[in-house]
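Residue-level structure breakdown
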Amino acid sequence: MKEKKWYVTADGAQHEIVYKRRKLFVDGMRYEVKNMNLFAVMVDCDLEFSDVQCRFVALGNKADVSVNGIFLDSKEEYVPLARVPKWVTALEILSVIYGFLLNSWLGAALGAAFGVWYVNVWIKKQKADSVILAFLLASVAQTIIAIFVYIVLVGMWG
């Protein structure tokens, strides 16, 4: 991800927030962020300004800053990543394992990317059936990729 910058006016001053290569800087000072997920980037942290509620959120390769509950870039409402149900994380783990079993490390990486997609679907729709449909589509996609890889490899060494 390239460097992203946001400017927030709080405490009567303008503050610069910069996210670059998984590092967060507020007014030039490095700010500690903790990843909430084992497989993909999931960060949701409070940026402390006294008169403004400000949160930094990174999910996969997308990052945004929420000011008073509204994201600056997407203009969408802030939904805490901590509110994502545990079963969505379980589906992500299943996708990583299934992808690894089918396609080794490439499949595991693809499973992690699909896991970020599940979290995005939950945040946008907050419906179990939407996340389950995404999981089923991702599983079919991983299976098709595994079949394609098998056909290519058998064709090469057939």
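See the structure shown above.
Residues numbered from 1 in each chain as written. Predicted model: local features only at pLDDT ≥ 70, side-chain atom pairs only at ≥ 80, totals over all residues. Heavy atoms only, no water.

**Brief notes about the packing of aromatic side chains**
Tallying each qualifying case throughout the model produces 8 aromatic pairs. An aromatic cluster of at least three residues, connected via ring pairs, comprises Phe114, Trp117, Tyr118 and Phe135. (Phe/Tyr/Trp six-rings, centres within 6.5 Å; stacked < 30°, edge-to-face > 60°.)

**Re the sheet that holds strand β1 (residues 4–10)**
Pairing in this open sheet of 4 strands is antiparallel, and the strands run β1-β2-β3-β4 from one edge to the other. Of all the strands in the sheet, the pair left with one neighbour each is β1 and β4 (29–31). Strand-to-strand, the axes of this sheet are offset by a mean angle of 30°, without reference to chain direction. Sheet analysis places strand β3 (residues 23–26) next to β4, joined by 3 bridges and oriented antiparallel. (Pairing = 2+ DSSP bridges. Helix = DSSP H or I, 4+ residues; strand = E, 2+ residues; numbered from the N terminus. Axes fitted to C-alpha atoms, helices over the stretch in contact; angles between N-to-C directions.)

**Thoughts on the layout of surface pockets**
When its volume is computed, the largest pocket comes out at roughly 350 Å³. Considering the residues around the largest pocket, the lining is formed by 16 residues, among which Phe71, Ser74, Glu76, Asn120 and Lys124 are closest to the centre. Of all elements in the fold, only β6 (53–59), β7 (62–67) and α1 (86–125) reach the threshold of two or more residues within the lining of the largest pocket. Looking at the lining of the largest pocket, its residues break down into 7 nonpolar, 2 polar and 7 charged. Reported here for the second largest pocket is a volume of approximately 200 Å³. What lines the second largest pocket is a set of 13 residues, among which Met36, Asn37, Met42, Lys86 and Thr89 lie closest to the centre. With 4 residues, the single largest contributor to the lining of the second largest pocket is α1. Among the residues forming the lining of the second largest pocket, the class breakdown is 9 nonpolar, 2 polar and 2 charged. (1 Å grid on protein atoms, 1.4 Å probe; cavity = no way out; pocket = protein on both sides within 12 Å on 5 of 7 lines; lining within 4 Å. Points joined across faces, edges and corners; volume = space filled by probe spheres on them. Nonpolar A, V, L, I, M, F, W, Y, C, P; charged D, E, K, R; others polar.)

**Things to note about the pairing of β1**
Direction of pairing for β1 relative to strand β2 (residues 13–20): antiparallel, over a ladder of 7 bridges. Across the sheet, Thr9 pairs through a bridge with Gln14, a residue of β2. Two successive antiparallel strands, β1 and β2, enclose a turn made up of 2 residues, where Asp11 displays a positive phi of approximately 55°.

**Side note on the nonpolar core**
When a protein is soluble and globular, its nonpolar side chains tend to lie buried together. The biggest cluster of nonpolar side chains holds 22 residues, and the ones touching the most others in it are Val88, Tyr118, Val119, Ile123 and Val131. Elements supplying a minimum of two residues to this core: β6, α1 and α2 (128–157). Looking at this core element by element, the count peaks at 9 residues for α1. When residues no more than four places from it in sequence are discounted, the contact partners of Val131 are Trp87, Val88, Leu91, Tyr118, Val121 and Trp122. In this structure, Val8, Ala10, Val52 and Phe56 belong to the second largest nonpolar core, which totals 19 residues. (Core = buried A, V, L, I, M, F, W, Y, C linked by side-chain atoms within 4.5 Å. Buried < 20%, exposed > 50% of the residue type's maximum accessible area, 1.4 Å probe, protein only. Contact = heavy atoms within 4.5 Å.)

**Notes on the sheet that holds β7**
With respect to topology, 4 strands assemble into an open sheet ordered β5-β6-β7-β8, the strand pairing being antiparallel. Two strands lie at the open edges of the sheet, namely β5 (42–48) and β8 (70–71), each paired on one side alone. Looking at chain direction, β7 and β8 are connected through 2 bridges and run antiparallel. Within the sheet, the bridge partner assigned to Ser66 lies in β8 and is Phe71.

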